[in-house]
Structure formats: structure tokens, C-alpha cells
Amino acid sequence: MLRFLLLLSVSTAVSAEPLRVAIVSRTVFYVPLWIAQDQGLLKAEGIDATIDVYNNAEKINEDLRSGKVDIAVGTPEAVMIDAYKGGSLRIIAGNAERLPHFIIARPHIRQWSAMRGAKIGVLSLNEGTTYLVHRMMTANGFKPADYEVLAVGGAPTRWKLLQEGTIDAGLQPFPLSYQAEAAGFTNFGPITQYVQNYLFTTVNADGGWAERNAEAARGFLRGLRQGLEAMNKDRAAAIATAVRELNTTATFAERALEDTTKLKILSQDLSVSEPALRGTFDTLVGVGLLPKETRFDPARVVDARYLRP
């Protein structure tokens, strides 16, 4: 019996598939992934995952194409553009299908008029928050020449730069938005007052890699979904994970998880919301990153084969 258990243990270790996973920042939407890693849910699906925080969306997509990264849980815009242009990047599952951001500005900026000349920090000049910032500023009467958009990195970096005064404003997801308010920074409200449907983060892969490693892709998605279920069932464990990974307090972590549930931020079955996908598509067309004659066709962008089983 002991020999059988030892053989089983060795067999399980050998069969675990190394998987390089990239995430774009440290936000609450990755709690299911961190739980899946911590609780061995990915390992149980035969996945030996290494999770790297990039803080740079372009670098993630570059590494997906080159094979340095197998799967990314990140922004969908560049993936959509690549797919429509005949490239190999694809969305294979959903993650955050609603926008969680609040518009945070330095304490001395109390009115929209004071945003003239502001430096607004975003993740990247070619990803979601940039387009959202332009729509937000246009809605408040500003022209692009009235403000400056700077690519500075993910939400934790933006919070650091806001405190330093290097940038004047930025879109901050919770719990960082809570920390900003508590520190006296101005909250101009949720970005959803300007943009309703928008796909924020997705599970992305190179289509060729996914076809060659279909079982690894399916195993990762199964583990991720179990991590989401565990987050929903064991709130204490989810709070502990969020406190550790987001470098926040238990109070803010619990509030962020509650708001994530209340606002229905995460796709509960990892499917890709078509209205949210359409919202992102329309934005890309609107800013000229896709030709105006491009027809909305989810099948060109989303490959759901690995999620269905």
C-alpha cells in the first residue's frame, strides 16, 4: 500500500504541467487565481503554475506571442485588435466584466474645472483605461490638449504616484479607492457613470499554444473556476488572501470583496459577456484602433473551446 501511495505521489508530481501565467497588476479580480494557487486547486488539475505580475500590458502580449508566457489574465483590447487583424491572440475566458474604477484626484482638486492641465496616470496608452479617461474628460468639457495622459503602470503604481504628486489623477479600483478616500484624496465617483458595458480583464492566450496544449488550458480554467467558487464560499480565506496580495487591511479587503459581489464584477462561470465585449469593441472602433467598417464578430476574438468542457 505504501509503495502504491509513493508511486501515486511521484506520478502526480510528474504529470503536473508547468504553466507560466501573467497578470497585469495587483487587484481584487485576481483573488480567485491566488486562491486556486494557494489551495492546490490548480495542482489538482495537473497545473504547476508560476504567476508573475507584469505591470505592463504590452509586455504581456509580447510574451504571449513569443511563448515566454502561456496564459495571461489581463486587458482584452490589444488581444481584440490582434485577432481582428488576423493575429493569433485570443480570449479564452472571462474575468472582470464590469468596470470597478473610481476617479481619484489629488486632495487639492475638488472640482472638475481644476482638472485642466492635469496629468492623468493610466496602465498603458494602448489599453482600456486610456480610452475611458478620454471619454470621461470629453463628457466634462475637456479637449485632449487640456490634459496629459501618462502611461505609468498598474493601480498600485498609480496610487504611489498620486501620493507623490507625480500624477494628478487616475482611475483606481477598490480597495485602493477606499485607501485614497481615507487619505483625503478626491473621489469624483465611478467611471461607470460614463461607460456602462466594458470588458475589463479576460483570460488570454496565443491560439496556437492553446490548440497544442488544450488539456493544460482546460485544466487552468477548471482550477480558476474552483478558485472563484472557493472565494465565494470561504470569505475569511478570501480576505486573508486579499490582505496579503493587495497589501491592504482586512477591513478594506472585506469591503472590496463585498463590492465585487454586489456590483457583479466577476464572471461567475468564466464566460465572456457579449454586451461587455461589444462595449470594448465599440470603443476601439470609436478611437480608430479598428476600422469603422469592422463588423462585430465575437467568434473572431473569443475561443470558448477550452471553457466548455
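For clarity, every value in this text was computed on a predicted model and none was experimentally measured. (Residues numbered from 1 in each chain as written. Predicted model: local features only at pLDDT ≥ 70, side-chain atom pairs only at ≥ 80, totals over all residues. Heavy atoms only, no water.)

Trainee: Break down the pattern of salt bridges for me, citing the residues and quoting the values.
Mentor: All told, the structure shown has 21 salt bridges when counted by the stated rule. Asp 38 serves as the salt-bridge partner of Arg 244, at 2.7 Å between the closest nitrogen and oxygen. Linking Arg 244 in helix α11 (residues 235-246) with Asp 38 in helix α2 (residues 31-38), this pair joins segments that are 206 residues apart in sequence. Taking the shortest distance from any N to any O, the salt bridge between Glu 45 and Arg 222 comes out at 2.7 Å. Taken together, the residues Glu 45 in the loop between α3 (41-44) and β2 (47-53) and Arg 222 in helix α10 (residues 214-233) connect sequence positions 177 residues apart. Judged by its relative accessible area of 29%, Arg 222 falls in the partly exposed class. (Salt bridge = Lys/Arg side-chain N within 4 Å of Asp/Glu carboxyl O. Helix = DSSP H or I, 4+ residues; strand = E, 2+ residues; numbered from the N terminus. Buried < 20%, exposed > 50% of the residue type's maximum accessible area, 1.4 Å probe, protein only.)

Trainee: I'd like to hear about the packing of α2 against α11, residue by residue, with values.
Mentor: Contact pair α2 / α11: the axes reach a minimum separation of 10 Å and the direction vectors enclose 105°. With respect to α11, the element α2 is oriented roughly perpendicular. Of the residues in α11, those in contact with Val 31, Trp 34, Ile 35 and Asp 38 of α2 are Ala 238, Thr 241, Ala 242, Arg 244, Glu 245 and Leu 246. Residue composition of the contact of α2 with α11, grouped by class: six nonpolar, one polar and three charged. (Axes fitted to C-alpha atoms, helices over the stretch in contact; angles between N-to-C directions. Parallel < 35°, antiparallel > 145°, perpendicular 65-115°, else oblique. Contact = heavy atoms within 4.5 Å. Nonpolar A, V, L, I, M, F, W, Y, C, P; charged D, E, K, R; others polar.)

Trainee: I'd like a rundown of the sheet that holds strand β4 (residues 89-96), residues and numbers included.
Mentor: Taken together, five strands build an open sheet; the order of strands is β2-β1-β3-β10-β4 and the sheet is mixed. In this open sheet, the two edge strands, each paired with only one partner strand, are β2 and β4. Mean inter-strand twist for the sheet, computed between neighbouring axes without regard to direction, equals 25°. As paired strands, strand β1 (residues 17-23) and β2 are joined by seven bridges and run parallel to one another. From the neighbouring strand, Ala 22 faces β2, where its bridge partner is Asp 52. Against the sheet, α10 engages β1, β2, β3 (71-74), β4 and β10 (201-206), with an angle of about 60° to β1. (Pairing = 2+ DSSP bridges.)

Trainee: Describe in detail the pairing of β1, supporting the description with residues and values.
Mentor: Here three bridges tie β1 to β3, and the two strands are oriented parallel to one another. Residue Ile 23 lies in a different strand from β3, and its bridge partner there is Val 73.

Trainee: So, the sheet that holds strand β7 (residues 148-151): which residues are in play, and what are the values?
Mentor: Strand order in the open sheet made by the five strands is β7-β6-β8-β5-β9, with mixed pairing throughout. At either end of the open sheet lies a strand with only one pairing partner, and these are β7 and β9 (186-190). The mean angle between the axes of side-by-side strands here comes to 30°, regardless of whether they run parallel or antiparallel. In this sheet, strand β8 (residues 169-173) lies alongside strand β6 (residues 119-122) in parallel orientation, the contact comprising two bridges. The partner of Gly 121 across the bridge, within β8, is Gly 170. Helix-sheet contacts for helix α7 (residues 155-164) involve β5 (101-105), β6 and β8, and the interaxial angle to β8 is about 140°.

Trainee: Describe unusual backbone geometry, listing the residues and the values that go with them.
Mentor: The omega angle of the peptide bond from Phe 174 to Pro 175 is 10°, so this bond is cis rather than trans. Of note in the backbone geometry, Lys 264 takes a positive phi value of approximately 55° without being a glycine. Judged by its relative accessible area of 57%, Lys 264 is exposed. Unlike most non-glycine residues, Leu 270 shows phi in positive territory, near 70°. Mapped onto the elements of the fold, Leu 270 is located in the loop between α12 (250-262) and α13 (274-286).

Trainee: Any chance you could break down the packing of helix α5 (residues 77-84) against α13 for me, citing the residues and the numbers?
Mentor: Relative to each other, α5 and α13 sit at 75°, their axes nearing to 11 Å. One element, α5, and the other, α13, form an angle in the roughly perpendicular class. Note on element contacts: α13 touches α5 through Leu 277, Thr 280, Phe 281 and Leu 284, opposite Glu 77, Met 80, Ile 81 and Tyr 84. Here the contact of α5 with α13 is built from residues that sort into six nonpolar, one polar and one charged.

Trainee: Explain the nonpolar core to me, using residue names and the numbers behind them.
Mentor: Counting 98 residues, the largest nonpolar core has Met 115 and Phe 220 as its most contacted members. Counting residues per element, this core draws most heavily on α10, at nine residues. Ignoring sequence-local partners within four residues, the contact set of Met 115 consists of Ala 105, Ile 109, Ile 120, Met 137, Phe 142, Asp 146, Tyr 147 and Ala 169. (Core = buried A, V, L, I, M, F, W, Y, C linked by side-chain atoms within 4.5 Å.)

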